[in-house]
Amino acid sequence: MSPDYRRRSSPKLHPDGGQFLTLFAEWPQLARPTMDTETIHVIAGPDGQPLTDIRTPAENTAAADAIASVVRDLTRDPESAVHVSIAGGRKTMGFYLGYALSLYARPQDRLSHVLVSAPFESHPEFFYPPRQPRRLATRNGHHIDTADARVTLAEIPFVRLRHGLPEALLQGKARFSEAVSAIQQSLAPPHLLIDLGKRRVVCGNTTVAMKPQLLAWLAWWAILVQEGRPETAWRDADANLFLAIYRAVVGIDAVDYEKIATLLGNGMEKEFFQTKNAKLERVLKDALGLAAAPYLLVATGKRPHTRRGLTLPPESIHISGFNTHETKNPVLM
């Protein structure tokens, strides 16, 4: 069970009264939703105990994470349609709920609010239009008739950002702040940082985990951009440069380096070229979602003359741990 929210054995509506049960007793033709331990989610605070209110920054964060977790889980079922109402509750809860839907919603999901006409919207004794109209006293001593109340379900248009989230955030247990950060990165100017010595790749503000060989492959494409030859086809690919980069990552004595050096001893292999490109695209998309676009290889030209390359400008690329002039021509095994 996610630590962000917990289904407890106790949450349920009391059978002896309450406006919710009264509503369905008075209007039996309405479809009554299930309200039990399987459908009521209780927000837990930093200490794991149920929150009674949202008063502190820690409680605010816990509410945001819990709401985002519930919405993310509900939108995983492709056969479902989620209808979110932001009516009632704390303003922060309504905001987080609407924002969470914006992050995770599919085309079939909807957001709404309930509009109640004045002066009924703020009257402490008005919850819904009763079947038998009632007269209610206002604070200034006047009387109002519930027959005059108007309750409207207003659908709210919102921006759907799901396509901008990495698959890992859609399927995992990401915090609300992490999902927001991922969307922000998809809108920020791209910047690629590759540290061969530390085997580290950072796209924008996100560190992307890559195996040494794939890391060297991305660095190879990035260095081609810096050298002013961003596009290449597999027949023209500089295998020596790639081997030099890979050697800087794993060292010349590595068994895998010897294997790849032998494979590419007579130049770039088509299958190797295509396989590495496909794996690179998959890893970047899984880690970055929509934000991966600036870091993906772009194909130009028609077959059999298709060329690929990064479209990042050289000033957006920073590489450490490799000197092109000193290690461009390795000794092939």
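Here the structure is a predicted model, which means the values were calculated and not measured. (Residues numbered from 1 in each chain as written. Predicted model: local features only at pLDDT ≥ 70, side-chain atom pairs only at ≥ 80, totals over all residues. Heavy atoms only, no water.)

Draft legend 1. Structural detail: the layout of surface pockets. Volume-wise, the largest pocket comes out at about 1,700 Å³. In terms of lining residues, the largest pocket is bounded by 43 residues, among which Met35, Ser85, Ile86, Ala87 and Leu97 are the most central. Elements represented by at least two residues in the lining of the largest pocket include exactly β2 (42-43), α2 (57-74), β3 (83-85), α3 (91-104) and β4 (110-116). Top contributing element to the lining of the largest pocket by residue count: α2, with six residues. Of the residues in the lining of the largest pocket, the class split is 28 nonpolar, 11 polar and four charged. Empty space within the second largest pocket amounts to approximately 410 Å³. Counting residues per element, the lining of the second largest pocket draws most heavily on helix α9 (residues 270-288), at eight residues. A breakdown of the residues in the lining of the second largest pocket according to their chemical character gives 10 nonpolar, three polar and five charged. (1 Å grid on protein atoms, 1.4 Å probe; cavity = no way out; pocket = protein on both sides within 12 Å on 5 of 7 lines; lining within 4 Å. Points joined across faces, edges and corners; volume = space filled by probe spheres on them. Helix = DSSP H or I, 4+ residues; strand = E, 2+ residues; numbered from the N terminus. Nonpolar A, V, L, I, M, F, W, Y, C, P; charged D, E, K, R; others polar.)

Draft legend 2. Looking closely at the packing of helix α6 (residues 212-226) against α9. Running from amino to carboxyl end, α6 crosses α9 at an angle of 95 degrees, the nearest separation of the two axes being 10 Å. With respect to their mutual orientation, α6 and α9 come out roughly perpendicular. The segment α6 lies against α9, with Gln213, Leu214, Trp217, Leu218, Trp220 and Trp221 engaging Phe272, Phe273, Lys276, Asn277, Lys279, Leu280 and Val283. Looking at side-chain class alone, the contact of α6 with α9 contains nine nonpolar, two polar and two charged residues. (Axes fitted to C-alpha atoms, helices over the stretch in contact; angles between N-to-C directions. Parallel < 35°, antiparallel > 145°, perpendicular 65-115°, else oblique. Contact = heavy atoms within 4.5 Å.)

Draft legend 3. The confidence of the model for the protein, seen in detail. Here the protein averages 86 in pLDDT, while 91% of its residues score no lower than 70. Across residues 1-10, where pLDDT falls below 50, the model places 31 contacts with residues more than four positions away in sequence or in other chains. Throughout residues 326-333 the model reports pLDDT below 50, and contacts reaching past four residues in sequence, or to other chains, amount to 24 contacts. (pLDDT = per-residue confidence, 0-100.)

Draft legend 4. Quick look at a positive patch on the surface. Positive charge collects at one region of the surface, where Arg235, Lys270, Arg303 and Arg308 lie side by side. One can find Arg235 in the loop between β11 (231-232) and α7 (239-250). Overall, the relative accessible area of 57% leaves Arg235 in the exposed class. (Patch = residues over 30% accessible without salt bridge, like charges linked within 9 Å, V, L, I, M, F, W, Y side chains within 5 Å. Areas by Shrake-Rupley, 256 points an atom, 1.4 Å probe, with all protein chains shown as cover. Salt bridge = Lys/Arg side-chain N within 4 Å of Asp/Glu carboxyl O. Lys, Arg positive; Asp, Glu negative; His and termini not counted. Charge placed at Lys NZ, Arg CZ, Asp CG, Glu CD. Buried < 20%, exposed > 50% of the residue type's maximum accessible area, 1.4 Å probe, protein only.)

Draft legend 5. Up close: the side chain of Arg106. Inspection of the secondary structure assignment puts Arg106 in the loop between α3 and β4. Under the relative-accessibility criterion, Arg106 is labelled buried at 8%. Among the polar contacts listed, one links the side chain of Arg106 to the side chain of Asp109, at a separation of 2.6 Å. Those residues within four positions of Arg106 in sequence are excluded, and the remaining contacts are Leu74, Thr75, Asp77, Pro78, Ser80, Ala81, Val82, Arg160 and Arg162. (Polar contact = N/O pair within 3.5 Å; in protein donor to acceptor, adjacent residues only side chain to side chain.)

Draft legend 6. Layout of the packing of α2 against α3. Relative to each other, α2 and α3 sit at 40 degrees, their axes nearing to 9 Å. As the angle between them shows, α2 and α3 are arranged oblique. Along this stretch, α2 crosses α3, giving a crossing that reads as right-handed. On α3, the residues touching Asn60, Ala64, Ile67, Ala68, Val71 and Arg72 of α2 are Thr92, Met93, Tyr96, Leu97, Ala100, Leu101 and Tyr104. The class makeup of the residues in the contact of α2 with α3 is 10 nonpolar, two polar and one charged. (Left-handed = near helix turned anticlockwise from the far one by under 90°.)

Draft legend 7. Seen up close, the pattern of salt bridges. Summed over the entire model, instances satisfying the criterion amount to 12 salt bridges. Residue Asp109 pairs with Arg106 through a salt bridge whose shortest N-O separation is 2.6 Å. Between Glu125 and Arg134 there is a salt bridge whose closest N-O contact spans 3.9 Å. Looking at Glu125, the relative accessible area reads 43%, which means it is partly exposed. For Arg134, a relative accessible area of 42% translates into the label partly exposed.

Draft legend 8. Expanded view of the nonpolar core. One finds Leu192, Trp220, Phe242 and Leu284 to be the most contacted residues of the largest nonpolar core, which totals 48 residues. Ranked by the residues each element gives to this core, the list is headed by α6, at 12 residues. Leave out the neighbours within four places in its chain, and Trp220 touches Thr232, Ala237, Asp238, Leu241, Phe242, Ile245 and Phe273. Listed in part, the 23 residues of the second largest apolar core include Leu101, Ala105, Phe158 and Leu169. (Core = buried A, V, L, I, M, F, W, Y, C linked by side-chain atoms within 4.5 Å.)

Draft legend 9. Geometry of the sheet that holds β11. The strand order β11-β13-β12 describes an open sheet built from three strands, whose pairing is antiparallel. Every other strand in the sheet has two partners, leaving β11 and β12 (298-300) as the edge strands with one partner each. Across three bridges, the pairing between β12 and strand β13 (residues 307-309) is antiparallel. When the bridges of β13 are listed, Ala299 appears paired with Arg308. (Pairing = 2+ DSSP bridges.)

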